[in-house]
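A closer look at the structure
Take a look at the letters that make up each chain.
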Amino acid sequence: MVLLLVLLYLFFLSISLMGASFKFFGHGFAERLLTTTANPFVGLFIGVLATSVVQSSSTVTAMTVGLVAGGALDVQGAIPIIIGSNLGTSVTNTLVSVGHISRPEEFKRAFAAATVHDFFNLILVVVFFPLQLFTNVLGHASSVLSEVLRELGGLQLVNPIKTIVEPAVKVIGRGTSESGAVMLLIAVALLFLSLRYLVVVLKSLVIGRIGRFFNQILFRTAPRALVLGVVTTIAVQSSSITTSLAVPLAGAGILSLMQIFPFTLGANIGTTITAMLASLVTGNPAAVTVAFAHLLLNLFGVVLVWPIRRVPVTMAEVLAEWSLKSRLVPLLHVGMTFFLLPLVLIYLTR
(Lines give C-alpha, C1' and ligand atoms only; values in the text may rest on other atoms or scores of the structure.)
Protein backbone atom coordinates (compact mmCIF):
# COMPACT_ATOMS: atom_id res chain seq x y z
CA MET A 1 0.00 0.00 0.00
CA VAL A 2 2.90 2.38 0.75
CA LEU A 3 4.35 1.64 -2.69
CA LEU A 4 0.96 2.38 -4.26
CA LEU A 5 0.80 5.76 -2.48
CA VAL A 6 4.34 6.62 -3.62
CA LEU A 7 3.51 5.69 -7.21
CA LEU A 8 0.29 7.71 -7.08
CA TYR A 9 2.26 10.68 -5.79
CA LEU A 10 4.75 10.37 -8.67
CA PHE A 11 1.85 10.01 -11.07
CA PHE A 12 0.14 13.17 -9.79
CA LEU A 13 3.47 14.97 -9.72
CA SER A 14 4.16 14.06 -13.36
CA ILE A 15 0.80 15.45 -14.50
CA SER A 16 1.20 18.63 -12.44
CA LEU A 17 4.76 19.07 -13.69
CA MET A 18 3.59 18.50 -17.27
CA GLY A 19 1.02 21.24 -16.86
CA ALA A 20 3.62 23.58 -15.32
CA SER A 21 6.05 22.92 -18.17
CA PHE A 22 3.44 23.69 -20.82
CA LYS A 23 2.56 26.90 -19.00
CA PHE A 24 6.17 28.02 -19.35
CA PHE A 25 5.96 27.11 -23.02
CA GLY A 26 2.68 28.76 -23.81
CA HIS A 27 0.64 30.42 -21.06
CA GLY A 28 1.20 33.88 -22.52
CA PHE A 29 0.60 32.46 -25.97
CA ALA A 30 -2.73 31.04 -24.80
CA GLU A 31 -3.80 34.36 -23.31
CA ARG A 32 -2.96 36.20 -26.54
CA LEU A 33 -4.97 33.65 -28.47
CA LEU A 34 -8.00 34.10 -26.25
CA THR A 35 -8.18 37.82 -27.02
CA THR A 36 -8.46 37.34 -30.81
CA THR A 37 -11.81 35.60 -31.03
CA ALA A 38 -14.16 37.71 -33.14
CA ASN A 39 -15.04 34.65 -35.24
CA PRO A 40 -16.86 31.90 -33.26
CA PHE A 41 -15.05 29.21 -35.29
CA VAL A 42 -11.73 30.77 -34.33
CA GLY A 43 -12.91 30.83 -30.70
CA LEU A 44 -13.77 27.14 -30.85
CA PHE A 45 -10.41 26.10 -32.29
CA ILE A 46 -8.51 28.45 -29.98
CA GLY A 47 -10.29 26.83 -27.03
CA VAL A 48 -9.07 23.41 -28.19
CA LEU A 49 -5.52 24.57 -28.91
CA ALA A 50 -5.03 26.76 -25.83
CA THR A 51 -6.25 23.99 -23.51
CA SER A 52 -4.03 21.43 -25.26
CA VAL A 53 -1.02 23.73 -24.87
CA VAL A 54 -1.68 24.63 -21.22
CA GLN A 55 -2.95 21.09 -20.40
CA SER A 56 -5.77 22.43 -18.23
CA SER A 57 -9.33 23.37 -19.15
CA SER A 58 -9.66 24.87 -15.67
CA THR A 59 -6.88 27.33 -16.51
CA VAL A 60 -8.35 28.29 -19.88
CA THR A 61 -11.96 28.57 -18.70
CA ALA A 62 -10.95 30.56 -15.61
CA MET A 63 -8.85 32.81 -17.85
CA THR A 64 -11.81 33.21 -20.20
CA VAL A 65 -14.07 34.13 -17.28
CA GLY A 66 -11.50 36.70 -16.18
CA LEU A 67 -11.34 38.21 -19.67
CA VAL A 68 -15.13 38.43 -19.78
CA ALA A 69 -15.20 40.06 -16.33
CA GLY A 70 -12.55 42.52 -17.53
CA GLY A 71 -14.49 43.37 -20.68
CA ALA A 72 -11.92 41.90 -23.09
CA LEU A 73 -14.43 39.27 -24.27
CA ASP A 74 -18.19 39.21 -24.50
CA VAL A 75 -20.38 36.20 -23.68
CA GLN A 76 -20.98 35.38 -27.36
CA GLY A 77 -17.24 35.27 -28.00
CA ALA A 78 -16.42 33.35 -24.83
CA ILE A 79 -18.82 30.40 -25.12
CA PRO A 80 -17.18 28.91 -28.28
CA ILE A 81 -13.86 29.00 -26.40
CA ILE A 82 -15.50 27.09 -23.53
CA ILE A 83 -16.85 24.47 -25.95
CA GLY A 84 -13.39 24.06 -27.52
CA SER A 85 -11.71 23.92 -24.12
CA ASN A 86 -14.04 21.10 -23.13
CA LEU A 87 -12.55 19.05 -25.97
CA GLY A 88 -8.96 20.15 -25.38
CA THR A 89 -8.95 18.94 -21.78
CA SER A 90 -9.12 15.31 -22.91
CA VAL A 91 -5.61 15.48 -24.40
CA THR A 92 -3.93 14.76 -21.04
CA ASN A 93 -5.41 11.33 -20.35
CA THR A 94 -4.86 10.40 -24.02
CA LEU A 95 -1.17 11.24 -23.60
CA VAL A 96 -1.14 9.25 -20.36
CA SER A 97 -2.47 6.18 -22.19
CA VAL A 98 0.48 6.30 -24.61
CA GLY A 99 2.65 5.38 -21.62
CA HIS A 100 1.26 1.83 -22.00
CA ILE A 101 2.21 1.58 -25.68
CA SER A 102 4.92 -1.07 -25.22
CA ARG A 103 2.38 -3.59 -23.83
CA PRO A 104 -0.24 -4.21 -26.56
CA GLU A 105 -3.30 -5.54 -24.68
CA GLU A 106 -2.75 -3.21 -21.76
CA PHE A 107 -2.36 -0.30 -24.17
CA LYS A 108 -5.54 -1.26 -26.03
CA ARG A 109 -7.59 -1.07 -22.83
CA ALA A 110 -5.89 2.13 -21.62
CA PHE A 111 -6.15 3.91 -24.98
CA ALA A 112 -9.84 3.06 -25.33
CA ALA A 113 -10.50 4.35 -21.78
CA ALA A 114 -8.76 7.62 -22.67
CA THR A 115 -10.25 8.21 -26.11
CA VAL A 116 -13.83 7.55 -25.01
CA HIS A 117 -13.45 10.94 -23.30
CA ASP A 118 -12.24 12.43 -26.61
CA PHE A 119 -15.22 11.07 -28.52
CA PHE A 120 -17.74 12.21 -25.91
CA ASN A 121 -16.38 15.74 -26.13
CA LEU A 122 -16.23 15.60 -29.94
CA ILE A 123 -19.94 14.71 -29.97
CA LEU A 124 -20.64 17.74 -27.78
CA VAL A 125 -18.76 19.97 -30.22
CA VAL A 126 -20.61 18.54 -33.24
CA VAL A 127 -24.03 18.96 -31.58
CA PHE A 128 -23.78 22.05 -29.39
CA PHE A 129 -21.49 24.33 -31.38
CA PRO A 130 -23.97 24.67 -34.29
CA LEU A 131 -26.85 25.00 -31.80
CA GLN A 132 -24.98 27.73 -29.97
CA LEU A 133 -24.05 29.42 -33.22
CA PHE A 134 -27.63 29.64 -34.52
CA THR A 135 -29.74 29.78 -31.34
CA ASN A 136 -27.38 30.86 -28.50
CA VAL A 137 -29.01 28.10 -26.41
CA LEU A 138 -26.19 27.99 -23.86
CA GLY A 139 -26.11 31.76 -23.58
CA HIS A 140 -29.86 32.04 -22.95
CA ALA A 141 -30.03 29.17 -20.45
CA SER A 142 -26.95 30.26 -18.52
CA SER A 143 -28.16 33.88 -18.43
CA VAL A 144 -31.25 32.73 -16.53
CA LEU A 145 -29.10 30.92 -13.96
CA SER A 146 -26.68 33.82 -13.63
CA GLU A 147 -29.57 36.16 -12.85
CA VAL A 148 -30.67 33.84 -10.04
CA LEU A 149 -27.18 33.70 -8.53
CA ARG A 150 -26.04 37.19 -9.44
CA GLU A 151 -25.59 38.36 -5.87
CA LEU A 152 -23.75 35.27 -4.58
CA GLY A 153 -20.03 35.32 -3.75
CA GLY A 154 -17.52 32.54 -4.23
CA LEU A 155 -15.57 30.24 -1.96
CA GLN A 156 -12.03 29.03 -2.40
CA LEU A 157 -11.77 25.27 -2.20
CA VAL A 158 -8.63 23.56 -0.97
CA ASN A 159 -6.89 21.56 -3.69
CA PRO A 160 -5.29 18.60 -1.87
CA ILE A 161 -3.35 17.35 -4.89
CA LYS A 162 -1.87 20.78 -5.58
CA THR A 163 -1.01 21.21 -1.91
CA ILE A 164 0.88 17.91 -1.88
CA VAL A 165 2.75 18.14 -5.19
CA GLU A 166 3.25 21.89 -5.55
CA PRO A 167 6.41 22.01 -3.35
CA ALA A 168 8.04 19.31 -5.50
CA VAL A 169 7.01 21.11 -8.70
CA LYS A 170 8.56 24.34 -7.39
CA VAL A 171 11.79 22.57 -6.41
CA ILE A 172 12.05 20.96 -9.86
CA GLY A 173 11.22 24.30 -11.48
CA ARG A 174 14.00 26.07 -9.58
CA GLY A 175 16.40 23.19 -10.22
CA THR A 176 15.80 23.42 -13.97
CA SER A 177 15.81 27.25 -14.04
CA GLU A 178 12.13 27.03 -15.02
CA SER A 179 13.02 25.49 -18.36
CA GLY A 180 9.78 24.22 -19.89
CA ALA A 181 11.62 21.66 -22.05
CA VAL A 182 13.58 20.13 -19.15
CA MET A 183 10.51 20.09 -16.88
CA LEU A 184 8.53 18.35 -19.62
CA LEU A 185 11.24 15.69 -20.03
CA ILE A 186 11.23 15.03 -16.27
CA ALA A 187 7.41 14.90 -16.27
CA VAL A 188 7.34 12.37 -19.11
CA ALA A 189 10.00 10.22 -17.39
CA LEU A 190 8.05 10.26 -14.11
CA LEU A 191 4.83 9.51 -15.96
CA PHE A 192 6.23 6.43 -17.69
CA LEU A 193 7.96 5.22 -14.50
CA SER A 194 4.89 5.62 -12.31
CA LEU A 195 2.58 4.07 -14.91
CA ARG A 196 4.83 1.08 -15.47
CA TYR A 197 4.83 0.08 -11.81
CA LEU A 198 1.39 1.42 -10.93
CA VAL A 199 -0.16 -1.15 -13.27
CA VAL A 200 1.93 -3.91 -11.69
CA VAL A 201 0.86 -2.93 -8.17
CA LEU A 202 -2.79 -2.50 -9.17
CA LYS A 203 -2.82 -5.92 -10.80
CA SER A 204 -1.58 -7.49 -7.58
CA LEU A 205 -4.16 -5.64 -5.48
CA VAL A 206 -7.10 -6.47 -7.72
CA ILE A 207 -7.02 -10.05 -6.46
CA GLY A 208 -7.93 -8.85 -3.00
CA ARG A 209 -10.22 -6.27 -1.49
CA ILE A 210 -9.16 -3.32 -3.64
CA GLY A 211 -10.49 -4.99 -6.77
CA ARG A 212 -13.80 -5.79 -5.11
CA PHE A 213 -13.92 -2.25 -3.71
CA PHE A 214 -13.66 -0.71 -7.17
CA ASN A 215 -16.02 -3.13 -8.90
CA GLN A 216 -18.63 -3.72 -6.18
CA ILE A 217 -18.69 -0.32 -4.46
CA LEU A 218 -17.21 2.67 -6.32
CA PHE A 219 -18.06 1.63 -9.87
CA ARG A 220 -20.87 -0.82 -9.16
CA THR A 221 -23.52 1.29 -10.95
CA ALA A 222 -23.29 3.98 -13.60
CA PRO A 223 -24.89 6.74 -11.42
CA ARG A 224 -22.45 5.94 -8.62
CA ALA A 225 -19.48 6.13 -11.00
CA LEU A 226 -20.77 9.42 -12.41
CA VAL A 227 -21.14 10.96 -8.93
CA LEU A 228 -17.67 9.67 -8.03
CA GLY A 229 -16.27 11.43 -11.10
CA VAL A 230 -17.98 14.69 -10.11
CA VAL A 231 -16.86 14.55 -6.47
CA THR A 232 -13.28 13.48 -7.23
CA THR A 233 -12.83 16.22 -9.82
CA ILE A 234 -14.25 18.89 -7.51
CA ALA A 235 -11.89 17.65 -4.78
CA VAL A 236 -8.75 17.82 -6.94
CA GLN A 237 -10.05 20.57 -9.26
CA SER A 238 -8.71 18.83 -12.34
CA SER A 239 -10.60 16.58 -14.73
CA SER A 240 -7.24 15.76 -16.33
CA ILE A 241 -6.07 14.10 -13.10
CA THR A 242 -9.41 12.38 -12.52
CA THR A 243 -9.72 10.89 -16.00
CA SER A 244 -6.00 10.10 -16.20
CA LEU A 245 -6.29 8.12 -12.97
CA ALA A 246 -8.84 5.85 -14.65
CA VAL A 247 -6.46 5.04 -17.53
CA PRO A 248 -4.07 2.75 -15.60
CA LEU A 249 -7.08 1.10 -13.91
CA ALA A 250 -8.35 0.24 -17.36
CA GLY A 251 -4.89 -0.81 -18.51
CA ALA A 252 -4.61 -3.18 -15.56
CA GLY A 253 -7.99 -4.69 -16.42
CA ILE A 254 -9.52 -3.59 -13.10
CA LEU A 255 -12.30 -1.55 -14.71
CA SER A 256 -14.15 -2.01 -17.98
CA LEU A 257 -14.73 0.73 -20.52
CA MET A 258 -18.45 0.83 -19.69
CA GLN A 259 -17.60 1.38 -16.01
CA ILE A 260 -15.15 4.19 -16.80
CA PHE A 261 -17.44 6.05 -19.22
CA PRO A 262 -19.90 7.46 -16.61
CA PHE A 263 -16.92 8.30 -14.38
CA THR A 264 -15.57 10.37 -17.29
CA LEU A 265 -18.91 12.14 -17.69
CA GLY A 266 -18.85 13.02 -14.00
CA ALA A 267 -15.32 14.40 -14.33
CA ASN A 268 -16.50 16.65 -17.16
CA ILE A 269 -19.19 18.08 -14.91
CA GLY A 270 -16.87 18.43 -11.91
CA THR A 271 -14.24 20.38 -13.85
CA THR A 272 -16.65 23.31 -14.27
CA ILE A 273 -16.28 24.22 -10.57
CA THR A 274 -13.08 26.25 -11.10
CA ALA A 275 -14.61 28.67 -13.60
CA MET A 276 -17.77 28.77 -11.50
CA LEU A 277 -15.85 29.90 -8.42
CA ALA A 278 -13.81 32.38 -10.44
CA SER A 279 -16.97 33.91 -11.90
CA LEU A 280 -18.77 34.14 -8.55
CA VAL A 281 -15.77 35.91 -7.05
CA THR A 282 -15.87 38.56 -9.80
CA GLY A 283 -19.56 39.22 -9.19
CA ASN A 284 -19.81 40.01 -12.92
CA PRO A 285 -23.09 38.70 -14.43
CA ALA A 286 -21.49 38.11 -17.84
CA ALA A 287 -18.66 36.11 -16.26
CA VAL A 288 -21.15 34.03 -14.26
CA THR A 289 -23.12 33.42 -17.46
CA VAL A 290 -20.01 32.02 -19.20
CA ALA A 291 -19.22 29.75 -16.23
CA PHE A 292 -22.77 28.42 -16.19
CA ALA A 293 -22.55 27.82 -19.95
CA HIS A 294 -19.68 25.42 -19.26
CA LEU A 295 -21.70 23.59 -16.61
CA LEU A 296 -24.81 23.38 -18.80
CA LEU A 297 -22.80 22.16 -21.79
CA ASN A 298 -21.71 19.11 -19.81
CA LEU A 299 -25.06 18.52 -18.12
CA PHE A 300 -26.88 18.69 -21.46
CA GLY A 301 -24.14 16.49 -22.91
CA VAL A 302 -24.74 13.74 -20.36
CA VAL A 303 -28.48 13.84 -21.06
CA LEU A 304 -27.86 13.68 -24.81
CA VAL A 305 -25.09 11.08 -25.00
CA TRP A 306 -26.01 8.63 -22.23
CA PRO A 307 -28.86 7.02 -24.21
CA ILE A 308 -26.44 6.52 -27.15
CA ARG A 309 -23.39 5.71 -25.01
CA ARG A 310 -22.51 2.76 -27.22
CA VAL A 311 -21.53 5.26 -29.95
CA PRO A 312 -18.51 6.90 -28.21
CA VAL A 313 -17.62 3.58 -26.56
CA THR A 314 -17.57 1.75 -29.91
CA MET A 315 -15.60 4.57 -31.54
CA ALA A 316 -12.99 4.34 -28.77
CA GLU A 317 -12.79 0.56 -29.11
CA VAL A 318 -12.34 0.77 -32.89
CA LEU A 319 -9.60 3.40 -32.61
CA ALA A 320 -7.86 1.26 -29.98
CA GLU A 321 -7.96 -1.72 -32.37
CA TRP A 322 -6.42 0.41 -35.11
CA SER A 323 -3.72 1.57 -32.72
CA LEU A 324 -2.58 -2.03 -32.26
CA LYS A 325 -2.07 -2.36 -36.01
CA SER A 326 0.02 0.80 -36.19
CA ARG A 327 1.63 2.67 -33.31
CA LEU A 328 1.41 5.84 -35.41
CA VAL A 329 -2.38 5.94 -34.91
CA PRO A 330 -2.34 7.28 -31.31
CA LEU A 331 0.37 9.80 -32.15
CA LEU A 332 -1.54 11.00 -35.22
CA HIS A 333 -4.75 11.16 -33.20
CA VAL A 334 -3.20 13.39 -30.55
CA GLY A 335 -1.21 15.53 -32.98
CA MET A 336 -4.04 16.06 -35.47
CA THR A 337 -7.02 16.41 -33.12
CA PHE A 338 -5.51 18.65 -30.47
CA PHE A 339 -2.74 20.61 -32.20
CA LEU A 340 -2.39 20.51 -36.00
CA LEU A 341 -6.07 20.67 -37.03
CA PRO A 342 -6.92 23.53 -34.63
CA LEU A 343 -3.87 25.48 -35.87
CA VAL A 344 -4.78 24.97 -39.52
CA LEU A 345 -8.45 25.77 -38.95
CA ILE A 346 -7.61 28.92 -36.98
CA TYR A 347 -5.50 30.06 -39.94
CA LEU A 348 -8.21 29.21 -42.49
CA THR A 349 -11.15 30.76 -40.60
CA ARG A 350 -9.54 34.01 -39.45
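Description of the structure in this document. Chains are numbered independently. Their residues run from 1 in the order of the written sequence. Local features in this predicted model are restricted to residues of pLDDT 70 or higher, and side-chain atom pairs are both shown and tallied only at a pLDDT of 80 or more, whereas totals for entire chains, interfaces and linings draw on every residue. Heavy atoms throughout the structure, all of them, feed into the side-chain values; hydrogens and water do not.

Looking at unusual backbone geometry
- Positive phi, normally seen in glycine, also occurs at asparagine 136, with a value near 55 degrees.
- Along the polypeptide, asparagine 136 turns up in the loop between α6 (104-135) and α7 (137-148).
- Asparagine 136 sits in the buried class, given a relative accessible area of 15%. What counts as a helix is a DSSP run of H or I of at least four residues, what counts as a strand is a run of E of at least two, and both are numbered from the N terminus. Between buried and exposed lies partly exposed: a residue is buried under 20% and exposed over 50% of the maximum accessible area for its type, with that area taken using a 1.4 Å probe on protein chains only.

Details of the packing of aromatic side chains
- Aromatic rings from Phe, Tyr and Trp, with only the six-membered ring used for Trp, were paired whenever their centres fell within 6.5 Å, and each pair was classed as stacked if the ring planes differed by under 30 degrees, edge-to-face if by over 60, and tilted otherwise. A full pass over the atoms with the stated rule returns 6 aromatic pairs.
- With a centroid separation of 6.2 Å and an interplanar angle of 80 degrees, the aromatic rings of phenylalanine 120 and phenylalanine 261 are classed as edge-to-face. Linking phenylalanine 120 in helix α6 with phenylalanine 261 in helix α13 (residues 257-270), this pair joins segments that are 141 residues apart in sequence.
- Classification of phenylalanine 120 as buried rests on a relative accessible area of 0%.

Considerations on the pattern of salt bridges
- For salt bridges, the criterion is a side-chain nitrogen of Lys or Arg within 4 Å of an Asp or Glu carboxyl oxygen. On inspection of all chains with the given rule, the structure shows 3 salt bridges.
- Where glutamate 106 meets arginine 103, a salt bridge forms, and the shortest distance between an N and an O atom there is 2.9 Å.
- The buried category is assigned to arginine 103, whose relative accessible area is 19%.
- In this structure, the salt-bridge partner of lysine 108 is glutamate 321, at a minimum N-O distance of 2.4 Å. With lysine 108 in helix α6 and glutamate 321 in helix α16 (residues 310-325), this pair connects stretches of sequence that are 213 residues apart.
- Among the residues examined, lysine 108 registers a relative accessible area of 22% and is labelled partly exposed.
- Look at glutamate 321 and you get partly exposed, because its relative accessible area is 35%.

Description of the packing of α6 against α13
- In this analysis an axis means a line fitted to C-alpha atoms, helices contributing only their contacting stretch, and an angle means the value between N-to-C directions, from 0 to 180 degrees. Where α6 contacts α13, the axes come no closer than 10 Å and their chain directions differ by 50 degrees. On the basis of the axis angle, α6 is oblique to α13. When you trace α6 past α13, the crossing you get is right-handed. Here α6 contributes Ala112, Ala113, Val116, His117, Phe120 and Asn121 to the contact with α13, which in turn contributes Leu257, Ile260, Phe261, Thr264, Leu265 and Asn268.
- Three classes are used, and their members are as follows: Ala, Val, Leu, Ile, Met, Phe, Trp, Tyr, Cys and Pro are nonpolar, Asp, Glu, Lys and Arg are charged, and the others, Gly among them, are polar. Residue classes in the contact of α6 with α13 are distributed as 8 nonpolar, 4 polar and no charged. Orientation categories follow fixed angle ranges, with anything under 35 degrees roughly parallel, anything over 145 roughly antiparallel, 65 to 115 roughly perpendicular, and all other angles oblique. If you view the pair so one helix is near and one far, a crossing is left-handed when the near helix is turned anticlockwise from the far one by less than a right angle, and right-handed when it is turned clockwise. Any two residues having at least one pair of non-hydrogen atoms within 4.5 Å are treated as being in contact.

With respect to α13
- To estimate how far a helix should extend, the number of its residues minus one is multiplied by 1.5 Å. The end-to-end C-alpha distance of α13, which contains 14 residues, comes to 20 Å, matching closely the 20 Å that a straight helix rising 1.5 Å per residue would cover.
- Of all the 14 residues making up α13, 13 are buried; the element is thus mostly covered by neighbouring parts of the structure.

With respect to the nonpolar core
- Buried Ala, Val, Leu, Ile, Met, Phe, Trp, Tyr and Cys residues that are joined via side-chain atoms within 4.5 Å together make up what is termed a nonpolar core. Membership of the largest hydrophobic core comes to 73 residues, with the highest contact counts inside it found for Ile83, Leu138, Leu257, Phe261 and Val290.
- No other element matches the 12 residues that α6 contributes to this core.
- If we skip the residues at most four places from it in the chain, phenylalanine 261 touches Val116, Phe120, Val305, Trp306, Arg309, Pro312 and Val313.
- Formed by 24 residues, the second largest nonpolar core is a distinct cluster that contains Leu4, Ala114, Leu191 and Val201.

Just geometry here; none of it tells us what the structure is for.
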